[in-house]
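Residues per chain, in single letters:
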Amino acid sequence: MSYPLRFPTEKPLVTLTHPTASIWIIELHNGPDSRLSTALINDGLQPALDAVERDWRNGWRAARAAKNKTGGKGALIIVGNRGQDKFFSNGLDFDSLSKDPHYSLNFFPHVYNPLMRRLITFPIPTIAAINGHCFAGAMMLSLCCDYRVITDGGKRNVWMCMNEIHLGAGFPQSFTSLIRAKIPDARTHRKVILEGHRFSPSEALEAGLVDHTVNGDTEAVIAKAQQVADTVSSLCIPGSWGISKRELYRDVIEASTKDTVIANVPADDAVAKAKL
Amino acid sequence: MSYPLRFPTEKPLVTLTHPTASIWIIELHNGPDSRLSTALINDGLQPALDAVERDWRNGWRAARAAKNKTGGKGALIIVGNRGQDKFFSNGLDFDSLSKDPHYSLNFFPHVYNPLMRRLITFPIPTIAAINGHCFAGAMMLSLCCDYRVITDGGKRNVWMCMNEIHLGAGFPQSFTSLIRAKIPDARTHRKVILEGHRFSPSEALEAGLVDHTVNGDTEAVIAKAQQVADTVSSLCIPGSWGISKVRVTIACGAVDKLADPSLAQRELYRDVIEASTKDTVIANVPADDAVAKAKL
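The name given to chain B in an unreviewed UniProt entry is ClpP/crotonase, with the source organism recorded as Somion occarium. One UniProt comment on chain B, placed under Sequence similarities (unreviewed entry), says "Belongs to the enoyl-CoA hydratase/isomerase family."

An unreviewed UniProt entry lists chain A under the name ClpP/crotonase, with Somion occarium as the source organism.

Now the structure itself:
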């Protein structure tokens, strides 16, 4: 495979690179704040994840066939737009979603939750390199990853926040089950969900939302993510990283399948139209 | 009842003793490393648990009939082979299991998970006396107990570890649900399951995997377990330790439900019990027949 790869090819929203034999990096660049639109998820992220998985599995199978016990390492880093350091991602793209008449029926069951399930059970370790603000749907994306590193906010304010409470919005079951699965302490659940608290990087570290803070800009955050990746990239060699996560996070996967609403014909047809 | 009792009688794999009026000890001794084979579980542990429960319940009923409010105490300690201090148990017995052609269909639904459900809802407090290495299926066994004490590893290295990730093995739902139920902090779940970390006794204590570390050998660990047992053995006198662990509705006064055992619910660990019933796979006829053959 020849890197970098860009998805979708016409108007790329993500770029995939492979800087070392065992590390892949997906950069989100849907504008500076990388809103998680349907296009970014379905036409950008999912194909990029396919490419990573295909490439890693080819290498892993070859190593097993050659009885190479150190071959088949892998880790995936997800970072925001590398041309700036204000945003990891500002979350869902309400502008484009509000133009979709079937958003409330289709988006979570057919677009966002399938991405969550894919990411939370990805067969190699995943590290979110949180290089700026990380809000709502983007905070969820980062929590789907196995590890999180964040800029320390020394140069400019950076927050992790579920701001739905301030907007009068509710939560799909996928979101709340993920928060319960990954964030320690019911009091932090309350602070995240009910108080919509803006966590600074040091608060996020203390609350267990992230694993490391990093002094420096986007490239420094990526460097730290690579360091973390190198400590865990051998653990997927025996092959059960993904299947173990499927069991460890079973509640999240099952909850994510419950975000269905009463289907109506136009919404159902819209889903089919998008795929075929 | 006359102790010690040994199960199975022909080739004992566990020994049951009753050192004080309120304490029972089950010693696992399937070799030095006490592998959790089908034989140890079905012919050793389960009959031993039956004997403990039968004996405790007889004493508890007698105390209630005599209106003796301090009678009916009880606690169960599970320890590894007392003739050594290297192993609590090294987990499942893959040698014997790999010889069973129906292992992948039968072992968890029909052998291991029923033991887990029995132990996690046992009617008297249970204490795992972790006197040595505690790996995989054995770490799960210890987590089914209400309390855990472990040697401090001063004399020789001792680890608690779920090593499946290093072997490329997955997990039954019973295992992961138990880990979520008993171990604090999602980051520790990641460390246990995904990183397959080998926890030293002090790391295990800090992470909340165990309640106490003990300086000394197997007998010192048992002595500490007895100390812990004595602090909690009165809690089962009212009779709801097993059925609640701990049931909120009793505190709310739904006392009528106690009278009907069919309504007894194991609320605190309900998720674990329910998850453990989902480890069924598409049955095939030979596997199904093998289960029946083992029982009848």
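Visitor: Now, about the overall build of chain A: what can you tell me, with residues and values included?
Guide: For chain A, the helix and strand inventory stands at twelve helices and ten strands. Its C-alpha atoms put chain A at 55 × 45 × 35 Å along the principal axes. Per-residue burial for chain A yields a buried fraction of 55% across its 276 residues. Sequence-distant contacts in chain A: of pairs separated by 6 or more residues, those separated by 24 or more amount to 73%. Counting only carbon and sulfur atoms, one obtains 52% of the accessible surface of chain A, whose full area is about 11,900 Å². Seen as two clouds, the 31 positive and the 28 negative side-chain charges of chain A have centres 5 Å apart.

Visitor: Residue-level account of the sheet that holds strand β5 (residues 87-89) of chain B, with values.
Guide: Residue and element names in this part refer to chain B. If you trace the three strands from one edge of the open sheet to the other, you get β5-β7-β9, paired in parallel fashion. Two strands bound the open sheet, and with one partner strand each, they are β5 and β9 (160-161). In the sheet, strand β7 (residues 133-135) pairs with β9 via two bridges, with the strands oriented parallel. Bridge pairing links phenylalanine 135 to cysteine 161 in β9. The strands that helix α4 (residues 137-144) touches are β5, β7 and β9; relative to β7, the one it contacts most, it runs at about 95 degrees.

Visitor: Any chance you could break down the interface of chain B and chain A for me, citing the residues and the numbers?
Guide: Chain B puts 20 residues into the contact, and the matching count from chain A is 24 residues. Note on chain B versus chain A: buried area summed over both sides is about 1,800 Å², and carbon and sulfur give 57% of it. If you sort the residues of chain B by the area they bury against chain A, Arg180(B), Arg190(B) and Leu194(B) come out on top, with a joint share of 33%. Joining chain B to chain A, the criterion identifies two salt bridges. Put simply, Arg190(B) and Asp211(A) hold a salt bridge, and the shortest N to O gap is 2.6 Å. Across the contact surface, chain B and chain A share eight residue pairs in polar contact (both at pLDDT 80 or more). Of all the secondary-structure elements, those providing two or more residues to the side of chain B that touches chain A are α5 (164-167), α6 (173-182) and α7 (186-194) of chain B. A per-element tally of the side of chain B that touches chain A places α7(B) first, with six residues.

Visitor: Residue-level account of the pattern of salt bridges, with values.
Guide: Going through the model one piece at a time under the given rule, you end up with 21 salt bridges over all chains. Between Arg118(B) and Glu53(B) there is a salt bridge, with the nearest N and O atoms lying 3.0 Å from each other. Residue Arg118(B) is found in helix α3 (residues 103-120), and its partner Glu53(B) is found in helix α1 (residues 38-65); the two are separated by 65 residues along the sequence. The burial state of Arg118(B) is the same as that of Glu53(B); both residues are buried. Through salt bridges with shared partners, a single ionic network connects Asp50(A), Glu53(A), Arg57(A) and Arg118(A).

Visitor: Talk me through the sheet that holds strand β5 (residues 87-89) of chain A; I want residue IDs and the actual numbers.
Guide: Residue and element names in this part refer to chain A. Read from one edge to the other, the open sheet built from three strands follows the order β5-β7-β9, with strand pairing classed as parallel. The sheet is open, and its two edges are formed by β5 and β9 (160-161), each paired on a single side. Bridge count between β5 and strand β7 (residues 133-135): two bridges; the pairing is parallel. Counted as the bridge partner of phenylalanine 87 is histidine 133 from β7.

Visitor: Outline the confidence of the model for chain B, listing residues and values.
Guide: Residue and element names in this part refer to chain B. For chain B, the average pLDDT comes to 88, and 90% of its residues sit at 70 or higher. Segment residues 246-265 is flagged for pLDDT under 50; beyond a separation of four residues in sequence, or across chains, it makes 15 contacts in the model. The ipTM for the predicted assembly is 0.85, set against a pTM of 0.86.

Visitor: Can you lay out the environment of Ser174(A) for me, pointing to particular residues and giving the numbers?
Guide: All names here are of chain A. Mapped onto the elements of the fold, serine 174 is located in helix α6 (residues 173-182). As a C-alpha pair, serine 174 and threonine 257 span 83 residues in sequence and 7.9 Å in three-dimensional space. Sequence-distant contacts of serine 174, that is, excluding residues within four places in its chain, are made with Asn113, Met116, Val252, Ala255, Ser256 and Asp259. At 2.7 Å, the side chain of serine 174 forms a polar contact with the side chain of asparagine 113.

Visitor: Hey, could you go over the pairing of strand β8 (residues 147-151) of chain B for me, with residue numbers and the actual values?
Guide: Residues and elements named next belong to chain B. Of all five residues in β8, four are buried, a share of seventy percent or more. Here strand β6 (residues 126-130) pairs with β8 via four bridges, running parallel. Considered in β8, the bridge of isoleucine 130 is made with isoleucine 150. Pairing of β8 with strand β10 (residues 212-214), which is carried by three bridges, proceeds in the parallel orientation. Each bridged residue has a counterpart across the sheet, and for threonine 151 the counterpart in β10 is valine 214.

Visitor: An account of the nonpolar core is needed here, citing residue identities and associated values.
Guide: One finds Ile26(A), Tyr112(A), Met160(A), Leu209(A), Ile26(B), Tyr112(B) and Met160(B) to be the most contacted residues of the largest nonpolar core, which totals 146 residues. Among residues more than four places away in sequence, those in contact with Met160(A) are Ile130(A), Cys134(A), Met139(A), Ser142(A), Ile150(A), His197(A), Arg198(A), Phe199(A), Ala204(A), Leu209(A) and Val210(A).

How each quantity is defined
Residues numbered from 1 in each chain as written. Chains lettered and ligands numbered in written order. Predicted model: local features only at pLDDT ≥ 70, side-chain atom pairs only at ≥ 80, totals over all residues. Heavy atoms only, no water. UniProt positions renumbered as here; feature names shortened; annotations may be inferred. Helix = DSSP H or I, 4+ residues; strand = E, 2+ residues; numbered from the N terminus. Buried < 20%, exposed > 50% of the residue type's maximum accessible area, 1.4 Å probe, protein only. Contact = heavy atoms within 4.5 Å. Areas by Shrake-Rupley, 256 points an atom, 1.4 Å probe, with all protein chains shown as cover. Lys, Arg positive; Asp, Glu negative; His and termini not counted. Charge placed at Lys NZ, Arg CZ, Asp CG, Glu CD. Pairing = 2+ DSSP bridges. Axes fitted to C-alpha atoms, helices over the stretch in contact; angles between N-to-C directions. Buried area = accessible area lost by both parts, 1.4 Å probe. Salt bridge = Lys/Arg side-chain N within 4 Å of Asp/Glu carboxyl O. Polar contact = N/O pair within 3.5 Å; in protein donor to acceptor, adjacent residues only side chain to side chain. pLDDT = per-residue confidence, 0-100. Core = buried A, V, L, I, M, F, W, Y, C linked by side-chain atoms within 4.5 Å.

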